[in-house]
Protein chains: 2
Amino acid sequence: MAKETQFVEQIADIEKDFPQWYTDVVMKTKLVDYGPVKGTMVIRPYGYAIWENIQKEMNARFKARGVENAYFPLLIPMSYFTKEAEHVEGFAPELAVVTVGGGEELSEPLAIRPTSETIIGTMMAKWVQSYRDLPLKINQWCNVMRWEKTTRPFLRTSEFLWQEGHTAHATAEEAEEETFAMLGVYKEFAENCLAIPVLTGKKTEKERFAGAVATYTMEAMMHDGKSLQAGTSHYLGQNFAKAFDIQYQSVNGVLETAYTSSWGVSTRLIGAIVMTHGDERGLKLPPVVAPIQVVIVPIASKKPGVIEACEKLKAEIEGAGIRVTLDTSDNSPGWKFNEWEMKGVPLRIELGPRDIEAGKMLCARRDTFEKQEQPLENAGETVKELLATIQKDMLETARKRRDERIVYAEDMKGILDAVDNGKFVKAGWCGCRACEDKVKEETGATARVRAEGEVAEKCAVCGEKAESVIIFARAY
Amino acid sequence: MAKETQFVEQIADIEKDFPQWYTDVVMKTKLVDYGPVKGTMVIRPYGYAIWENIQKEMNARFKARGVENAYFPLLIPMSYFTKEAEHVEGFAPELAVVTVGGGEELSEPLAIRPTSETIIGTMMAKWVQSYRDLPLKINQWCNVMRWEKTTRPFLRTSEFLWQEGHTAHATAEEAEEETFAMLGVYKEFAENCLAIPVLTGKKTEKERFAGAVATYTMEAMMHDGKSLQAGTSHYLGQNFAKAFDIQYQSVNGVLETAYTSSWGVSTRLIGAIVMTHGDERGLKLPPVVAPIQVVIVPIASKKPGVIEACEKLKAEIEGAGIRVTLDTSDNSPGWKFNEWEMKGVPLRIELGPRDIEAGKMLCARRDTFEKQEQPLENAGETVKELLATIQKDMLETARKRRDERIVYAEDMKGILDAVDNGKFVKAGWCGCRACEDKVKEETGATARVRAEGEVAEKCAVCGEKAESVIIFARAY
């Protein structure tokens, strides 16, 4: 028992010191480690397996929408950034720059991509000739680099992994439609695969992607009430198409300029999973992306037949397409319970001599700690259903917790009180930058997303007529 | 017909100008495009889909051997390279170096990884404490950068994609065993998935990976008789473990130094596929990795019922887990035949009113041009078997072609004659660097791989006693 307690105590108290809890959890469960260069991370196998599951789910959705994967060069000539005025202003301060190659000074410095609109725009201009070449929908999974001062594993690192989708269309309507559709894909994915409820809508001009006409976001509430931007979809209008000459011959033989969109999610999502679902015992992983969905812990494993029964059970569960592990290590069952709980495995099955004799197994849910006896017969199907229930319940629990923490505010004091108490605040906004800046200054909260379809009388900052309702929150 | 001819003529003659044929094929089939920075490539969807299939097949093999995927940082402090003397000598001239980050000069320049032994060694030293932590087997799929003067898409580019596996072991024997086992995995993969026969064995000291104790390679013969190094596996001994302090407490409580291995294959493999199987009509893709395995071309597609029957057939083939496309474009059947042949789709099915009436389909193999009628009933299984046959036959054809072009030589003239005629040459070698250099100088051929288990009387260069038999060839 002493060993178990010691094990659990390795994680900081989630309510008292959430930042330390986060660091403890991501490090001790071996999701990630610090890289040797400041601000970099090593994604360890347990974390990378989550990313691979995310990729698999995303790829299926992209494919269904006719998006094809490709790969574009890492290094972009510095001059490309200057072709779109807002874009260079936004990204220039964050660039990592290669000045030497093969022992020689380069004639033009090359930037490591912070995002690839410029280089993909260049290639699209080459590939798109006629309306028949449109729409063109391309995605790439890759590493990107944004030089950051303060970093945290998964949430903000100088290098991270992501996918960036880029599409070109004949009309503005089509490109906008694609922008919204991808935001919809992201929302569905976040909710059904990660069990993370998200608020989606438009960003303010201030928070917009550098070079976009409009940026749409999905925002998720973390355990501490702060918001995490979990994915964005940008309508780029003709900004990049004009800068990079993406032109096509229309049906009528007229040369037209295309309209583009881009959209991305990153390894940040792993941080979002940790901070949405985690609790005092550690990680709590949604089954769809959990590297290990089920762990079998043998009880009185030295008794004859126990390991054999566990192996048989494992094979059966595996046969149902489930990722399952059998823990045959020398540790005590109690120690194992703690370890696999910390690692967030959605379902634990305990199997001992008495269970085997009774033809039963004990299933312990990580999300609710509920334990239930289930027949060994047809275990694969039973476990599959249980995992589906856990997945669904995790989303509903997170949604309930979030919804209880969204409040309205009429004035600046209301906003401050709310964010001080770890809440999202809906407030009327006149639409001016000054009021947005003032909220940031006085409360530390930023405009996360427009509450689509909602209306307010007056701006919570200046009292003038409200143009829209904004969800304000402190953010990662 | 004029159109068809024109289409085929777009590719240079494979026998008269193989380099131009290669460029034509990889560009016109949209496998790849040139990136804007010299020496870079854009891997287009048709090429990237091959890479994804390679990844899928490889990942299954890695997993079966207990190798886990992870991700390590792109940027490596320059000082890391100098920790292993041979390593820095080998890679320093090829590095791309970041000197500016976030608008500021960096205190230590950072290299874009040309390979990751140094950074992974650093992390392994942190992760490995006890013999219980060994063996540690990690792989990463990533981009790497080696500044090259002369480049060709897939074969040699400044940036390319690869996987690099890195393992640490308690003993030299275990690490060597892993090195050989992975070479075996590569060989099995190359032959069964890519239908590329390979010669495997040890590299000479001159051709060894910078920092390795021994490098093992698989070499494949391209259409023009040149060799392509298609994958390597390195036994690193304690060279990197000592340089990066990968130490562990043994069972007896003694601090020991680990032994490591590393191994990799890259997007070069796509070039190898093109140059092994391609013919005068273009690509010829092995079914296992072909993005499209079957194309259905409707004949007299405007006749009632044809498209419906094609769609039904497509659904059936898809149901058998096969990647199939139905070409409903406006082009003529002849034009379609040419296009899909150029794109290397392994099997074409023609379906017209008469076939439908007879309950048959016409199957045309890309590899042999053989056409056969098959019943529509049970089409999924029929096609599956046909694809398996094509896969097997492609390997055997390539093997036969290669084996006919491996000759023995007794002296330098024999070596020169052979390589001038596009052959691989087996020749005795005394083991000294001078003779190896002389072969290179006088014939342009390099020592590709040691012919394991073969013996010769004397060195073909100096006439002294032979230490081993070497396969010499010109190489990519």
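The structure presented is a predicted model; accordingly, all values stated were derived computationally and were not measured.

### A few points about the overall build of chain A
- The secondary structure content of chain A amounts to 15 helices and 23 strands.
- Taken over the C-alpha trace, chain A has a radius of gyration of 25 Å; the compact-globule value for 476 residues is 23 Å, and the two agree within 12%.
- Burial status across chain A gives 60% buried among its 476 residues.
- Look at the contacts in chain A between residues 6 or more apart in sequence, and 68% of them connect residues 24 or more apart.
- In the structure as shown, chain A presents an accessible area of about 19100 Å², 48% of it carried by carbon and sulfur atoms.
- In chain A, 60 side chains carry a positive charge and 71 a negative one; their mean positions are 3 Å apart.

### A few points about the sheet that holds strand 19 (residues 371–375) of chain B
All names here are of chain B.
- Read across the open sheet, the 5 strands follow the order 16-15-17-18-19; overall the sheet is mixed. Of all the strands in the sheet, just strand 16 (324–326) and strand 19 have a single pairing partner and so form its edges. Adjacent strand axes in the sheet meet at a mean angle of 25 degrees, parallel and antiparallel pairs treated alike.
- Here strand 15 (residues 294–298) runs beside strand 17 (residues 347–351); their pairing, made up of 5 bridges, is parallel. Looking across to strand 17, one finds that valine 295 is bridged to arginine 348.
- Along the sheet, helix 10 (residues 306–319) contacts strand 15, strand 16, strand 17 and strand 18 (360–365); its crossing angle with strand 15, the most-contacted strand, is approximately 170 degrees.

### Here's the deal with the relation of the copies chain B and chain A
- Mapping chain B onto chain A is achieved by rotating through 180 degrees and translating by 0.0 Å along the same axis, at an RMSD of 0.0 Å. Such a turn and shift between the copies fits a two-fold axis. Looking at the rotation axis and the C-alpha trace of chain B, the residue lying nearest is valine 98 of chain B, at 2.1 Å.

### Some points on the pattern of salt bridges
Residues and elements named next belong to chain B.
- Inspection of the entire model under this criterion finds 64 salt bridges over all chains.
- For arginine 365, the salt bridge identified is with aspartate 393, shortest N-O distance 2.8 Å. Linking arginine 365 in strand 18 with aspartate 393 in helix 13 (residues 379–403), this pair joins segments that are 28 residues apart in sequence.

### Some words on the packing of helix 10 of chain B against helix 13 of chain B
Residues and elements named next belong to chain B.
- Running from N to C, helix 10 and helix 13 point in directions that differ by 60 degrees, and their axes come no closer than 8 Å. Judged on the interaxial angle alone, helix 13 and helix 10 are oblique. The handedness of the crossing between helix 10 and helix 13 comes out as right-handed. Taking contact as the criterion, the partners of Leu313, Glu316 and Ile317 in helix 10 are, on helix 13, Ala379, Gly380 and Val383.

### Structural notes on unusual backbone geometry
- In this structure, proline 135 of chain A follows leucine 134 of chain A across a cis peptide bond, with omega equal to -5 degrees.
- Within the secondary structure, proline 135 of chain A is located in the loop between helix 6 (117–127) and strand 7 (136–145).
- Although it is not a glycine, lysine 30 of chain B sits at a positive phi angle of roughly 65 degrees.
- By the element assignment, lysine 30 of chain B lies in the loop between helix 2 (18–28) and strand 1 (32–34).
- Even without being glycine, asparagine 378 of chain B reaches a positive phi, approximately 60 degrees.
- Assignment of secondary structure puts asparagine 378 of chain B in the loop between strand 19 and helix 13.

### Topic: the state of the cysteines
- Going through the model one piece at a time under the given rule, you end up with 0 disulfides over all chains.
- The cysteine cysteine 459 of chain A is free of any disulfide, with cysteine 462 of chain A supplying the nearest cysteine sulfur at 3.7 Å.
- Among the residues examined, cysteine 459 of chain A registers a relative accessible area of 1% and is labelled buried.
- Between cysteine 310 of chain B, a free cysteine, and cysteine 363 of chain B, which holds the nearest cysteine sulfur, the sulfur-to-sulfur gap is 12 Å.
- Residue cysteine 310 of chain B is classed as buried on the basis of its relative accessible area of 0%.

### Focus on the packing of helix 3 (residues 45–64) of chain B against helix 9 (residues 268–277) of chain B
Residue and element names in this part refer to chain B.
- Across the interface, helix 3 lies against helix 9 with an axial gap of 10 Å and an inter-helix angle of 110 degrees. Overall, the two elements helix 3 and helix 9 adopt an arrangement that is roughly perpendicular. Two secondary-structure elements touch here, helix 3 through Gly47, Ile50, Trp51 and Ile54 and helix 9 through Leu269, Ile270 and Ile273.

### Comments concerning the interface of chain B and chain A
- Taken together, the 49 residues of chain B in the interface contact 49 residues of chain A.
- Overall, the association of chain B and chain A removes approximately 4000 Å² of surface from exposure, summing both partners, and the carbon and sulfur fraction of that is 63%.
- Together, Pro36, Pro45 and Tyr71 of chain B form the three largest contributors to the area buried by chain B at its contact with chain A, with a combined 15%.
- For the interface between chain B and chain A, the tally reads 4 salt bridges.
- Note that aspartate 33 of chain A is salt-bridged to lysine 126 of chain B, the shortest N-O span being 2.7 Å.

### Notes on a negative patch on the surface
- Residues Asp13, Glu15, Asp17 and Glu280 of chain A make up a contiguous surface patch of negative charge.
- Here aspartate 17 of chain A shows up in the loop between helix 1 (2–9) and helix 2 (18–28).

### Quick word on the packing of aromatic side chains
Residues and elements named next belong to chain A.
- For the structure shown, the criterion picks out 22 aromatic pairs over all chains.
- Considering the side-chain rings of phenylalanine 18 and tryptophan 21, the 5.3 Å spacing of their centres and the 10 degrees angle between planes classify their relative orientation as stacked. Pair noted here: phenylalanine 18 and tryptophan 21 are both in helix 2, with a separation of 3 residues, about one helical turn. Accessibility assignment for this pair places phenylalanine 18 and tryptophan 21 in one class, buried.

Thresholds, definitions, all that
- Here, residues in each chain are numbered from 1, in the same order as that chain's written sequence.
- A letter from A marks each chain and a number from 1 marks each ligand, given out in the order of writing.
- In keeping with the model being predicted, local features are shown solely for residues with a pLDDT of at least 70 and side-chain atom pairs are shown and tallied solely at 80 or more, while totals for entire chains, interfaces and linings include all residues.
- Here the side-chain values reflect all heavy atoms present in the structure, with hydrogen atoms and water set aside.
- Numbering goes from the N terminus for both helices and strands, where a helix is a DSSP run of H or I of at least four residues and a strand is a run of E of at least two.
- Radius of gyration means the value over C-alpha atoms here, while the globule rule gives 2.2 Å times the residue count to the 0.38 power.
- The buried label goes to any residue with under 20% of its type's maximum accessible area, the exposed label to any with over 50%, and the partly exposed label to all in between, with areas taken from a 1.4 Å probe on protein chains only.
- Pairs of residues are marked as contacts when any of their non-hydrogen atoms sit within 4.5 Å.
- Residue exposure ignores everything except the shown protein chains as possible cover, and the areas themselves are Shrake-Rupley values with a 1.4 Å probe.
- Positive charges are assigned to Lys and Arg, negative charges to Asp and Glu, while His and the chain termini are left out of the count.
- For the purpose of locating charges, the reference atoms are NZ of Lys, CZ of Arg, CG of Asp and CD of Glu.
- For two strands to count as paired, DSSP must find a minimum of two bridges between them.
- In this analysis, axes come from line fits to C-alpha atoms, helices being fitted only over the stretch in contact, and the angle between any two N-to-C directions falls in the range 0 to 180 degrees.
- To line up the copies, we fit them by least squares on C-alpha atoms, keeping just the residues with pLDDT of at least 70 in both.
- Here, a salt bridge means any Lys or Arg side-chain nitrogen found within 4 Å of an Asp or Glu carboxyl oxygen.
- Each angle is binned into one of four classes, with values under 35 degrees roughly parallel, values over 145 roughly antiparallel, values of 65 to 115 roughly perpendicular, and all other values oblique.
- By convention, the crossing between two helices is left-handed when the near helix turns anticlockwise from the far helix through less than a right angle, and right-handed when the turn is clockwise.
- A pair of cysteine sulfur atoms is labelled a disulfide when the two atoms are within 2.5 Å.
- What gets called buried area is simply the loss in accessible area from a 1.4 Å probe that two parts show on being joined, summed for both.
- Each patch groups residues whose relative accessible area exceeds 30% and which form no salt bridge, using 9 Å between like charges and 5 Å between nonpolar side chains of Val, Leu, Ile, Met, Phe, Trp and Tyr.
- We call Phe, Tyr and Trp rings a pair once their centres come within 6.5 Å, taking the six-membered ring for Trp, and we label the pair stacked below 30 degrees between planes, edge-to-face above 60, and tilted otherwise.

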